[in-house]
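In case you want the letters, here they are:
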Amino acid sequence: MSPITPNPPTTPDAPQAIAPTTDGPSKTVKVMAILIAVLCGALGALIALLLTRHLGATALVAIGSAGVTFLGVTGTVKYIEEKLGLL
């Protein structure tokens, strides 16, 4: 009885699929990554606005808190996307 191999050898006549090499992500991937970062920031800002108003902050403080949260979350998500190679 012949031994069972987990990866049977391929025949040299079979066409091999060769993926095109790229230097980085495509323009579409970059745009989508930026949109995801902005949407995460907008969601964070909305949550911060609602939470600060719920806790009794004035409108100006709530808007300031939402703005700072938007910048922080957007920057953090963009940083993570850069480390993942999406930008």
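For the structure, check the block above.
Rules behind the numbers
- Residues numbered from 1 in each chain as written.
- Predicted model: local features only at pLDDT ≥ 70, side-chain atom pairs only at ≥ 80, totals over all residues.
- Heavy atoms only, no water.
- Helix = DSSP H or I, 4+ residues; strand = E, 2+ residues; numbered from the N terminus.
- Expected span 1.5 Å × (residues − 1).
- Buried < 20%, exposed > 50% of the residue type's maximum accessible area, 1.4 Å probe, protein only.
- Salt bridge = Lys/Arg side-chain N within 4 Å of Asp/Glu carboxyl O.
- Contact = heavy atoms within 4.5 Å.

**Focus on helix H1 (residues 27-54)**
Each turn of an α-helix holds 3.6 residues, which means side chains three or four residues apart point in the same direction. Taking 1.5 Å as the rise per residue, H1 with 28 residues should run 40 Å; its terminal C-alpha atoms sit 41 Å apart, in good agreement. Looking only at H1, the buried set comprises Ala33, Ala37, Gly41, Gly44, Ala45, Ala48 and Thr52. A positive phi of about 100 degrees marks Gly56, the residue just after H1.

**A closer look at the pattern of salt bridges**
Opposite charge on two side chains permits pairing when their charged atoms draw close. As enumerated under the stated definition, the model contains one salt bridge in all. One salt bridge connects Lys78 with Glu82, and the closest N-O pair in it is separated by 2.6 Å. Of this pair, Lys78 and Glu82 both sit in helix H2 (residues 59-83), four residues apart, which is roughly one turn of the helix. Lys78 sits in the partly exposed class, given a relative accessible area of 34%.

**Concerning H2**
Compared with the 36 Å implied by 1.5 Å per residue over 25 residues, the 36 Å span of H2 between its first and last C-alpha is a close match. Every buried residue of H2 is accounted for by Ala62, Ala66, Thr74, Val77 and Glu81. Tucked inside the fold, the buried residues of H2 contact H1. The first or second residue beyond H2 is Gly85, which carries a positive phi of 85 degrees.

**Section: the environment of Ala48**
On the secondary structure map, Ala48 appears in helix H1. Its relative accessible area of 11% is what places Ala48 among the buried residues. Along the backbone, Ala48 and Gly64 are 16 residues apart, and their C-alpha atoms lie at a distance of 9.6 Å. In contact with Ala48, other than residues within four places in its own chain, are Ser65, Ala66 and Thr69.

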